[in-house]
Amino acid sequence: MRNLQDKIPGASSFKYGEFVRSEVATRLGIKNEPDEKQWQNIELLAREVLQPVRNKFGRIKITSGFRCEELNKRIGGSEFSNHCRGEAADIEPMEKGVTLFEVLEWIYENLEFRTVIAEFFTRDGWIHIDYRVGGNIKRLRLRDEKHKYEDVTMKFLKELYPRKTQNNSKSERCSRSYWRLFGCLKRLEICK
Ligand SMILES: [Zn+2]
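Since we're looking at a predicted model, the values are computed, not measured.

*Asks:* Tell me what's going on with the overall build of the chain, and back it up with residues and numbers.
*Replies:* Helix and strand content of the chain: nine helices and eight strands. Here the contacts in the chain between residues at least 6 apart in sequence split such that 64% fall between residues at least 24 apart.

Below is the structure:
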């Protein structure tokens, strides 16, 4: 057990509660509670990946962290989702002017990880990242309207997204009401 208000040792910008918070779980009365091994995986992910990203880019929002099996099932996540092991998080940069693309590129070039997925960057998207000791093969994948979890290279991503999209920072995205609406709809969808 962990106290949800406590900061994570070695990743003090994050509290345990940020990894288990889920509107769906609250609404459905699902107790989204990791076991000891899952907490350890969450701590590792926070320390090795999320805190370095936080140090580099400022505030980071965890839009989906741990999911118990029932929660994962209810939101249509993949059967073997790494979110269920506490090894994965979906994140968005919150600071003005910081783009999803530059965070993704920095993670790819500077950190150890198993998979990062660029999810719906053409719209108000997010980054999925997972970390596993002994399995950090640095796989880069793409998911949007036209690509369903395809393995890609960074070069491919740079060419795919026009510069405008790469510079499409949080504040710019939020200034358009369409994107705000899409953001609400998006939260009903979940990456695998
Ligand atoms: Zn995810």
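Having seen it, we continue.
*Asks:* Please provide a residue-by-residue account of the nonpolar core, values included.
*Replies:* Soluble globular proteins tend to bury their nonpolar side chains together. By size, the foremost hydrophobic cluster in this structure holds 34 residues, and its most contacted members are L50, I91, L104, I127 and I129. Among the elements of the structure, β2 (11–15), α1 (17–20), α3 (36–57), β3 (60–64), β4 (88–93), α5 (100–110), β5 (115–119) and β6 (126–130) are those that each provide at least two residues to this core. The element that contributes the greatest number of residues to this core is α3, accounting for six residues. Not counting the four nearest positions on each side in its chain, I127 is found in contact with D90, I91, L100, V103, L104, V116, A118 and E119.

*Asks:* Give me the lowdown on the pairing of β5, citing residues and values where you can.
*Replies:* Burial of β5 is extensive: five of the five residues sit out of reach of the surface. Because side chains alternate across β5, one face comprises the buried residues T115, I117 and E119, and the other comprises V116 and A118, equally buried. Two strands pair when backbone bridges link them, and β5 and β6 are joined in this way by five bridges, in the antiparallel orientation. Residue pairing across strands places T115 opposite D130, the latter belonging to β6. Following β5, the chain reverses through six residues before pairing antiparallel with β6; F120 in that reversal takes a positive phi of roughly 50°. The pairing of β5 with strand β7 (residues 139–143) spans five bridges and is classified as parallel.

Cut-offs and rules
Residues numbered from 1 in each chain as written. Predicted model: local features only at pLDDT ≥ 70, side-chain atom pairs only at ≥ 80, totals over all residues. Helix = DSSP H or I, 4+ residues; strand = E, 2+ residues; numbered from the N terminus. Contact = placed C-beta atoms within 7 Å. Core = buried A, V, L, I, M, F, W, Y, C linked by C-beta atoms within 7 Å. Buried ≥ 20, exposed ≤ 12 C-beta atoms within 10 Å, placed from the backbone. Pairing = 2+ DSSP bridges.

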